[in-house]
Amino acid sequence: MTVEERIRYVMSKLIVRDDPELVQEVRGFANIFDDSSYDEKIRSAVGWAEIYVDPQKAEAYGGRGAVRGRLFQDLG
């Protein structure tokens, strides 16, 4: 599976249902890229994933839909 396919897979899991392994999967992207701009985006995506899986934190950032949008933006 290519990197792009993996990212699309993770994004599709977010749309379909909550996934407790989401944070680990997003963290897994950190070792794939050897570029500082990608590294920054992945770190940001990990942060949003951590917020997304915690309903209380997600509410503080406008709800899960808003957090999912920010996560998608970083993964895109």
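Residues numbered from 1 in each chain as written. Predicted model: local features only at pLDDT ≥ 70, side-chain atom pairs only at ≥ 80, totals over all residues. Heavy atoms only, no water.

1. Here we look at the environment of alanine 45
Here alanine 45 lies in helix 3 (residues 36-52). Along the sequence, alanine 45 and glutamine 73 sit 28 residues apart, while their C-alpha atoms lie 8.4 Å from each other. With sequence-adjacent residues up to four places away left out, alanine 45 is seen in contact with Val26, Leu71, Asp74 and Leu75. (Helix = DSSP H or I, 4+ residues; strand = E, 2+ residues; numbered from the N terminus. Contact = heavy atoms within 4.5 Å.)

2. Concerning the nonpolar core
In terms of nonpolar packing, the biggest core is built from 18 residues, with Leu22, Val26, Leu71 and Leu75 touching the most fellow members. Among the elements of the structure, helix 1 (3-16), helix 2 (22-28), helix 3 and helix 5 (64-75) are those that each provide at least two residues to this core. Broken down by element, this core gets its largest block of residues, seven residues, from helix 3. (Core = buried A, V, L, I, M, F, W, Y, C linked by side-chain atoms within 4.5 Å. Buried < 20%, exposed > 50% of the residue type's maximum accessible area, 1.4 Å probe, protein only.)

3. Focus: the packing of aromatic side chains
Counted according to the given criterion, the structure contains one aromatic pair. Ring centres 5.5 Å apart and planes at 90° place the aromatic pair tryptophan 48 and tyrosine 61 in the edge-to-face group. Taken as a pair, tryptophan 48 in helix 3 and tyrosine 61 in the loop between helix 4 (55-60) and helix 5 lie far apart in primary sequence, 13 residues in all. In this structure, arginine 64 packs its charged tip against the face of tyrosine 52, placed 4.3 Å from the ring centre. (Phe/Tyr/Trp six-rings, centres within 6.5 Å; stacked < 30°, edge-to-face > 60°. Lys NZ or Arg CZ within 6 Å of the ring centre and 35° of its normal.)

4. Digging into the environment of arginine 43
Among the secondary structure elements, arginine 43 is positioned in helix 3. Sequence separation between arginine 43 and arginine 27 is 16 residues, and the spatial gap between their C-alpha atoms is 7.8 Å.

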